[in-house]
Amino acid sequence: MMESKSPVCNTCGEEIGVKPNGDFFVACQECSFPICKACLEYEFKEGRRICLRCGNPYDENVLDDVDTKTSKIQSTLAPHINNTPQDSGIHARHISTVSTLDSELNDEYGNPIWKNRVDSWKDKKEKKSKKKNKVPKAQEHDSQIPPQQHMEDMPPNAEAAATDVLSVVIPIPRTKITSYRIVIIMRLIILALFFNYRITHPVDSAYGLWLTSVICEIWFAVSWVLDQFPKWSPINRETYIDRLSARFEREGEESQLAAVDFFVSTVDPLKEPPLITANTVLSILALDYPVDKVSCYVSDDGAAMLSFESLVETADFARKWVPFCKKYSIEPRAPEFYFSLKIDYLRDKVQPSFVKERRAMKRDYEEFKIRMNALVAKAQKTPEEGWTMQDGTSWPGNNTRDHPGMIQVFLGYSGARDIEGNELPRLVYVSREKRPGYQHHKKAGAENALVRVSAVLTNAPFILNLDCDHYVNNSKAVREAMCFLMDPIVGQDVCYVQFPQRFDGIDKSDRYANRNIVFFDVNMRGLDGIQGPVYVGTGCVFRRQALYGYSPPSKPKMLPQSSSSSCCCCPAKKKPAQDPSEIYKDEKREDLDAAIFNLGDLDNYDEYERSMLISQTSFEKTFGLSAVFIESTLMENGGVPESVNPSTLIKEAIHVISCGYEEKTEWGKEIGWIYGSITEDILTGFKMHCRGWRSIYCMPLRPAFKGSAPINLSDRLAQVLRWALGSVEIFLSRHCPLWYGVSGGRLKLLQRMAYVNTIVYPFTSLPLVAYCTLPAICLLTGKFIIPTLSNLASMLFLGLFISIILTSVLELRWSGVSIEDLWRNEQFWVIGGVSAHLFAVFQGFLKMLAGLDTNFTVTSKTAEDLEFGELYIVKWTTLLIPPTSLLIINLVGVVAGFSDALNKGYEAWGPLFGKVFFAFWVILHLYPFLKGLMGRQNRTPTIVILWSILLASVFSLVWVRINPFVSKTDTTSLSQNCLLFDC
């Protein structure tokens with residue numbers, strides 16, 4: 001590969017120049033974005049003094065003492081790419097000059113045989129390995145910039161670069177973020193002083209209680225550090241959809257917007273109503289996006305005939321619904337939620353025909369709902385002989401655990417058109433093959449099957465996955481994501497764009513913190529300022545190449561700089577020696593990347609030569625035995641290879657979803673959705689970040705997607721249990737963020753801390769249960785965990801409480817989160833910690849160490865036919881017992897404490913207040929749980945009350961009897977002293 005002697009400016013393509021001391025010119029000390037002096041001067045002249053990549057302001061003296069030497073060697077790659085129609089745009093693979101010239105020679109002199117092609121590829125690998133082993137000292141600085149970054153296809157001048165920017169970073173105002181950081185540091189210092197006092201002042205009369213409390217408090221402090229510091233640099237982002245349209249949708253020309261494949265997953269239509277799934281599909285088909293760029297794949301992992309028939313009805317109704325949405329620009333484009341809006345639907349509508357057509361469309365939708373309800377009613381009882389299709393043949397999926405793969409294409413280019421004769425987006429039904437004896441990996445396996453099917457049929461460069469109950473609330477959501485992924489500056493190394501989750505149907509008080517506002521509006525924005533948000537399982541737009549396990553085309557690495565420019569929280573340090581296993585993986589990944597240079601134009605070969613070439617590069621061991629799919633993985637800009645016969649695509653698609661396709665491949669290990677945990681989303685995003693990719697957090701003013709959440713107590717705890725169990729599984733796996741990928745050095749420190757926090761938070765349940773039990777013990781025994789406070793100790797405790805309050809207030813200030821949302825989040829942190837998280841820890845260890853899989857079943861009662869009626873449903877589950885027991889124990893302790901104070905007199909009231917305050921802290925945090933347990937009419941299951949009272953009573957009686965934490969009195973000396981008196 002031909003490389004220039006210095007980094008290339010991302011704006012004009014010239015060398016960036018060097019300083020008199022020999023170091024390369026660095027404009028931005030934060031991200032080392034390569035830009036030359038001339039382009040930087042133009043930016044300053046236009047009043048733009050912030051970095052185009054990270055958004056940080058440039059140093060005012062950055063233009064001093066710069067040697068603007070130009071390169072003697074001019075790259076011929078950029079003109080070649082610009083003159084190539086299929087490679088135009090920002091997603092063209094950055095191939096080498098040698099590869100470009102080779103392609104030109106092939107066109108002039110004919111196609112060489114495949115062996116020469118492979119030999120040239122091997123020669124390049126040998127040259128590349130020699131360069132790795134011996135790097136001249138004069139080029140040490142240059143070696144730190146990836147080759148792809150030298151050849152980025154950027155706008156020809158600075159003015160074009162400025163106007164082509166599709167998104168910008170908006171930092172939090174310094175007045176807000178600086179005070180926030182200062183308080184965090186102050187709180188850290190106060191915590192250190194607090195623990196110094198706690199450890200050096202034990203309570204001898206209750207040593208066990210004191211030791212337990214100190215251990216719990218140290219764990220809480222560590223947990224706070226892991227949660228707090230990833231929020232050190234929160235940012236906001238702004239997109240420019242109009243610029244996106246102006247650049248890629250020019251009038252009179254075909255749209256150049258990238259295609260997107262949508263994935264919708266469903267399993268059991270009786271638990272996931274087909275009407276909800278239909279609304280999700282309809283909202284996708286009606287997107288404000290070119291119809292030929294949208295394909296929707298629905299995965300039916302339960303092989304239910306009900307899902308198939310409901311999709312047939314959905315496709316038929318879409319012929320009316322899609323043109324109606326686009327004609328009147330309605331929002332949202334899910335009919336169930338559009339017609340249920342309690343707003344003035346005539347606002348901003350000027351067409352006289354709107355009212356008439358809306359009434360007709362609402363009537364059509366009501367008829368559609370009736371047909372869907374009829375299908376659901378019919379499916380309630382399965383016939384003994386199984387389901388039969390309309391043509392009289394048996395439904396292939398009658399046995400849900402043993403059936404062939406099924407694919408049915410609706411709508412699309414060759415399918416039915418809408419009622420106005422316009423083309424509709426493609427809709428595809430997919431049910432992967434299942435056979436006994438094969439591991440299917442649940443949702444992750446279904447998503448990987450969709451990745452392969454979509455690659456064979458449409459092969460869009462981007463993938464957006466949604467849960468079946470999450471509909472598109474903003475028809476321009478995909479355009480929002482494309483402002484990042486198609487941005488020539490930002491999108492180079494972005495693996496996915498994550499949208500926040502928003503929900504419908506939640507009570508106004510959000511009793512059980514279903515909205516997760518603090519996580520989505522605080523934590524995720526903090527991560528966006530580091531390496532990007534974590535993947536949360538839905539509402540995410542992926543770059544397909546990132547799912548295939550490739551490294552980013554340009555890995556942004558810090559150029560050598562002085563220690564003064566390093567981050568205060570992440571000091572520069574020497575890169576550790578790489579682990580041999582990591583070196584092997586990197587070489588393997590580089591082999592795949594290098595192979596792309598030679599396999600990018602497979603159309604020049606006949607079928608035999610193509611198959612031999614693919615075999616030589618060992619792609620089959622990675623991606624599986626499908627030549628069509630392997631060819632699709634090499635097309636970064638997407639599209640189906642021209643050499644493929646369209647008539648064989650469905651057959652090939654059936655092949656790639658066979659149950660044995662993934663055997664002896666890298667699926668679920670290095671590519672696609674990663675297996676090994678029921679929370680496959682965390683693992684998948686973590687692996688991408690470890691490879692050096694970045695992710696983006698997009699928060700449009702109108703929420704992009706909305707879904708439904710369980711709002712009653714039992715279902716909410718069951719959901720939290722599943723998330724916590726997945727975190728425990730990751731903690732006990734080889735992908736544990738504590739050590740996985742440490743030697744690679746591509747995951748930033750604060751990003752790693754965030755991932756560590758996502759897998760260790762369930763273990764906080766152990767100290768939390770102990771800490772919530774301490775107040776009752778103190779009240780029952782008359783002892784306390786803190787000795788008599790001096791003035792200095794009182795000031796220390798007061799300072800700690802003030803720092804906690806100030807941290808929360810300043811966090812609310814920059815994030816815009818309400819204090820009620822913050823309080824609900826704190827309450828449910830305690831509720832979930834003493835119930836679902838506790839069960840997840842024990843279940844995780846049983847499952848991973850002993851192979852026992854314990855299930856917590858939930859049986860429901862009927863709900864009242866009222867708004868939020870489901871909120872008051874009480875369902876029996878063992879998750880309710882621990883928090884109920886803690887409530888009863890603390891309430892009993894409060895009563896016992898007051899009784900004891902009344903008996904002892906005035907002197908006992910002072911120590912009582914500290915203990916009662918401690919107990920009320922627990923009761924207030926568990927209050928939403930108590931409210932949910934009571935329901936609307938105090939209909940708590942009898943078994944819950946009986947078990948809780950029994951456990952609380954037994955615990956209290958045993959405690960009073962053994963009294964373990966109170967120092968024992970020496971009865972021998974006491975009896976001797978009694979002999980001295982005349983009793």
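Residues numbered from 1 in each chain as written. Predicted model: local features only at pLDDT ≥ 70, side-chain atom pairs only at ≥ 80, totals over all residues. Heavy atoms only, no water.

### Details of the sheet that holds strand β5 (residues 406–411)
Paired through backbone hydrogen bonds, the strands of a sheet run either parallel or antiparallel to each other.
Moving on, step 1. In spatial order, the strands read β5-β6-β4-β3-β7-β11-β9-β12; together these 8 strands make up an open sheet with mixed pairing. Edge strands, defined here as strands with exactly one partner in the open sheet, are β5 and β12 (694–697). Across the sheet, the mean angle from the axis of one strand to that of its neighbour is 20°, orientation sign disregarded.
Moving on, step 2. Across the sheet, helix α23 (residues 680–690) touches β9 (494–498), β11 (540–543) and β12, and the angle it forms with β9 is around 145°. (Pairing = 2+ DSSP bridges. Helix = DSSP H or I, 4+ residues; strand = E, 2+ residues; numbered from the N terminus. Axes fitted to C-alpha atoms, helices over the stretch in contact; angles between N-to-C directions. Contact = heavy atoms within 4.5 Å.)

### Here we look at the sheet that holds strand β10 (residues 502–504)
Moving on, step 1. Strand order in the open sheet formed by 3 strands is β8-β13-β10, with mixed pairing between adjacent strands. Where the open sheet ends on each side, the last strands, each with one partner, are β8 (471–472) and β10.

### Description of the pattern of salt bridges
Moving on, step 1. Within the structure shown, the criterion is met by 25 salt bridges.
Moving on, step 2. In this structure, the salt-bridge partner of Asp 227 is Lys 231, at a minimum N-O distance of 3.3 Å.
Moving on, step 3. On the basis of relative accessibility, which here comes to 26%, the residue Asp 227 falls in the partly exposed class.
Moving on, step 4. The closest approach of N and O atoms between Arg 702 and Glu 331, which form a salt bridge, is 3.8 Å. Separated by 371 residues along the polypeptide, Arg 702 in the loop between β12 and β13 (705–708) and Glu 331 in the loop between α11 (305–328) and α12 (335–339) bring together distant segments of the chain.
Moving on, step 5. Three or more residues are tied together by salt bridges with common partners; here these are Glu 249, Asp 288, Lys 476 and Arg 479. (Salt bridge = Lys/Arg side-chain N within 4 Å of Asp/Glu carboxyl O. Buried < 20%, exposed > 50% of the residue type's maximum accessible area, 1.4 Å probe, protein only.)

### Points about the packing of helix α7 (residues 174–200) against helix α27 (residues 791–815)
Moving on, step 1. In contact at an axis separation of 9 Å, α7 and α27 are set at 155° when each is read in the N-to-C sense. Looking at the two axes, α7 sits roughly antiparallel to α27. For the crossing formed where α7 meets α27, the hand is left-handed.
Moving on, step 2. In the contact of α7 with α27, the residues fall into 15 nonpolar, 5 polar and 5 charged. (Parallel < 35°, antiparallel > 145°, perpendicular 65-115°, else oblique. Left-handed = near helix turned anticlockwise from the far one by under 90°. Nonpolar A, V, L, I, M, F, W, Y, C, P; charged D, E, K, R; others polar.)

### Digging into the nonpolar core
Moving on, step 1. Of all hydrophobic cores here, the largest spans 138 residues; its most connected members are Val 453, Phe 542 and Phe 629.
Moving on, step 2. Residues contacting Phe 542, with those up to four places away along its chain left out, are Pro 461, Phe 462, Ile 463, Asn 465, Cys 495, Tyr 496, Tyr 535, Leu 547, Trp 673 and Met 688.
Moving on, step 3. Core analysis: the second largest hydrophobic core is formed by 74 residues, Ala 315, Phe 339, Leu 485 and Val 494 among them. (Core = buried A, V, L, I, M, F, W, Y, C linked by side-chain atoms within 4.5 Å.)

### A look at helix α9 (residues 241–248)
Moving on, step 1. Turning to α9, its buried residues number three or more, namely Ile 241, Leu 244 and Phe 248. In a view along the axis of α9, the buried residues occupy a sector of 55°, so they form one face of it. Exposed residues lying more than 90 degrees from the buried face of α9 are Asp 242 and Ala 246. (Arc of directions from axis to C-beta.)

Read these as layout, nothing more, since geometry by itself doesn't imply function.
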